[in-house]
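Letter by letter, the chains look like this.
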Amino acid sequence: MDDKMLNKSLALAAGFELAAFMHETELFTHLGLPKNSFYDCPEFTQSLDACFKWLVPKLKELDPNTRIEFQSNQVSIFRSNPADDDFPTKFWASAWADTPALALCRAVEKILIA
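All values derive from a computational prediction rather than experimental measurement. (Residues numbered from 1 in each chain as written. Predicted model: local features only at pLDDT ≥ 70, side-chain atom pairs only at ≥ 80, totals over all residues. Heavy atoms only, no water.)

Attention shifts here to the overall build of the protein chain. Within the protein chain, the secondary structure is distributed over 3 helices and 6 strands. Split into buried and exposed, the 114 residues of the protein chain put 36% on the buried side. Of the roughly 7,100 Å² that the protein chain leaves accessible, carbon and sulfur atoms contribute 53%. (Helix = DSSP H or I, 4+ residues; strand = E, 2+ residues; numbered from the N terminus. Buried < 20%, exposed > 50% of the residue type's maximum accessible area, 1.4 Å probe, protein only. Areas by Shrake-Rupley, 256 points an atom, 1.4 Å probe, with all protein chains shown as cover.)

This is how it looks when you write it as structure tokens:
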């Protein structure tokens, strides 16, 4: 999936809805934003800020104890494992990419979209 499609897929998974198409630009709305307002698709693949604002809360809805680890351009995501006291977290997803934001997007994609 190319970055533009990944951005759009992640936006939809984060609660954005495609609202309009003007001058070759897709405009979105979101329940958490003012009504009757339109927004460009967040640049998740280029911005860790956008990822942590919109995507990480979606992971936290699935598991409040979600943990994200960055090692250079690799991201690993872990979730809670209440069944095992010796290993309180377990692997959920990981990804490599040219940038940390893109790596996080690819890992989140495996959880929210796949």
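Before going further, it helps to spend a moment on the sheet that holds strand E4 (residues 67-71). As a general point, the strands of a sheet are linked pairwise by backbone hydrogen bonds and lie either parallel or antiparallel. Ordered in space as E4-E5-E6, the 3 strands form an open sheet in which the pairing is antiparallel. At either end of the open sheet lies a strand with only one pairing partner, and these are E4 and strand E6 (89-96). In this sheet, neighbouring strand axes are inclined to one another by 20° on average, regardless of whether the strands run parallel or antiparallel. Both strand E5 (residues 74-80) and E6 contribute to a ladder of 7 bridges, which runs antiparallel. For serine 76, the partnering residue across the bridge sits in E6 and is serine 94. (Pairing = 2+ DSSP bridges. Axes fitted to C-alpha atoms, helices over the stretch in contact; angles between N-to-C directions.)

According to the stated counting rule, one finds 2 salt bridges in the structure shown. One salt bridge connects glutamate 69 with arginine 67, and the closest N-O pair in it is separated by 2.7 Å. Exposure remark for arginine 67: the relative accessible area of 33% places this residue in the partly exposed category. (Salt bridge = Lys/Arg side-chain N within 4 Å of Asp/Glu carboxyl O.)

Before going further, it helps to spend a moment on a nonpolar patch on the surface. Together, Leu48, Phe52 and Phe70 give the surface a local cluster of nonpolar side chains, amounting to about 240 Å² of exposed area. Tracing the backbone through its elements, the reader meets leucine 48 in helix H2 (residues 48-62). (Patch = residues over 30% accessible without salt bridge, like charges linked within 9 Å, V, L, I, M, F, W, Y side chains within 5 Å.)

Next up on the list: unusual backbone geometry. Even without glycine at this site, serine 72 takes up a positive phi of about 60°. As for its position among the elements, serine 72 is in the loop between E4 and E5.

Time to look at helix H1 (residues 3-13). Turning to H1, its buried residues number three or more, namely Leu6, Asn7, Ser9, Leu10 and Ala11. Glycine 15 lies just past H1 and shows a positive phi near 105°.

With that settled, consider the packing of aromatic side chains. Taken as a whole, this structure holds 3 aromatic pairs when the rule is applied. Look at phenylalanine 16 and tryptophan 54: their rings are 4.8 Å apart centre to centre, the planes differ by 70°, and that puts the pair in the edge-to-face class. Note that phenylalanine 16 is positioned in strand E1 (residues 16-22) and tryptophan 54 in helix H2, a separation of 38 residues in sequence. This pair shows no difference in class: phenylalanine 16 is buried, exactly as tryptophan 54 is. Against the face of phenylalanine 78 rests arginine 67, its NZ or CZ located 4.5 Å from the ring centre. (Phe/Tyr/Trp six-rings, centres within 6.5 Å; stacked < 30°, edge-to-face > 60°. Lys NZ or Arg CZ within 6 Å of the ring centre and 35° of its normal.)

Okay, the confidence of the model for the protein chain next. Predicted coordinates in regions of low pLDDT should not be interpreted in detail. Across the protein chain, the average pLDDT comes to 86, with 87% of residues at or above 70. Looking across the protein chain, the model is least confident in strand E2 (residues 25-30), with a mean pLDDT of 70, and most confident in helix H3 (residues 100-112), with 96. (pLDDT = per-residue confidence, 0-100.)

Turning to the side chain of aspartate 63, a few remarks are in order. Inspection of the secondary structure puts aspartate 63 in the loop between H2 and E4. Buried aspartate 63, no salt bridge; nearest opposite-charge side chain is arginine 79, N-O distance 5.7 Å. Apart from the residues lying within four places of it in its own chain, the contact partners of aspartate 63 are Arg79, Ser80 and Trp92. (Lys, Arg positive; Asp, Glu negative; His and termini not counted. Contact = heavy atoms within 4.5 Å.)

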